[in-house]
Amino acid sequence: MTIQENSLSASISGPTSVNTGISCGYSVGAFGGFGGYTYLWSTDGTITDGQGTAAVDVTFGSDGSHSVEVQVTDSQGAASSPSLSVTSQTSMEFTCEYM
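Right, let's walk through the structure included here. Throughout this description, residue numbers start from 1 for each chain and increase along the sequence as written. Given that this is a predicted model, residues contribute local features only at a pLDDT of at least 70 and side-chain atom pairs are listed and counted only at 80 or more, while totals for whole chains, interfaces and linings are drawn from all residues. Excluding hydrogens and water, the side-chain figures rest on all heavy atoms present in the structure.

Quick notes on the overall build of the protein
The helix and strand tally for the protein stands at zero helices and nine strands. For the purposes of this entry, the term helix denotes a DSSP run of H or I that reaches at least four residues, the term strand denotes a run of E that reaches at least two, and both are numbered from the N terminus. Scanning the protein from its N terminus toward the C terminus, one meets helices and strands in the order β-β-β-β-β-β-β-β-β. Accessible area is worked out with a 1.4 Å probe on protein chains only. A residue is then buried under 20% of its type maximum, exposed over 50%, and partly exposed in between. Classification of the 99 residues of the protein by burial places 35% in the buried group. Here, residues are in contact when the closest pair of their heavy atoms is within 4.5 Å. Within the protein, contacts between residues separated by at least 24 positions form 62% of all contacts whose residues are at least 6 apart in sequence. Computed with a 1.4 Å probe, the accessible areas rest on the Shrake-Rupley method; for each residue, only the protein chains presented here act as cover. Total accessible area on the protein stands at roughly 5,800 Å², and carbon and sulfur atoms take up 49% of it.

See the structure below:
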C-alpha cells in the first residue's frame, strides 16, 4: 500500500510597491491539503482585518519595507505561511489596483 502525501501550499498575490496611505488588495491561492481552508492575515507581524477570507485590503501608514503574511490552514490542521515583501513610499507615480 502506498500512502501519498497531500501537501498544502499557498502563495500571496498583490503589489510589491505601493503608495503610503493607499489601500491595496492582496489575495492568497491555496493548493492541496484537504480543503476547508482558514486564513489568518497579518502585516508586519500584526494581525489584520479580513480574517477568514482569501483576500484582504492593506494600508501601510509609513514609508519603508513591510511584509504581508497569511497562515492558511486546511481541515486536517496542515498549514502553509507565505509572505510577501512590500515597499511603501509617499507620492509614488503609480496606483494600486485590486487583484
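Next comes the rest of the account.
Considering the sheet that holds strand 6 (residues 55-58)
Ordered by their spatial adjacency, three strands build an open sheet running 1-3-6, and the pairing between neighbours is antiparallel. Only two strands of the sheet have a single partner each, and these edge strands are strand 1 (8-13) and strand 6. In this sheet, neighbouring strand axes are inclined to one another by 25 degrees on average, regardless of whether the strands run parallel or antiparallel. A strand pair is defined by DSSP finding two or more bridges across the two strands. Sheet topology note: the strand 3 (residues 24-32)/strand 6 ladder contains four bridges and is antiparallel. All axes here are fitted lines through C-alpha atoms, helices being fitted over the stretch that makes contact, and every angle between N-to-C directions spans 0 to 180 degrees.

Some thoughts on the pairing of strand 9 (residues 83-89)
Burial along strand 9 is one-sided: Leu84, Val86 and Ser88 are buried, while Ser83, Ser85, Thr87 and Gln89, pointing the other way, are not. As paired elements, strand 7 (residues 64-73) and strand 9 share six bridges and run antiparallel to each other. What sits directly across from Ser65, in strand 9, is Thr87.

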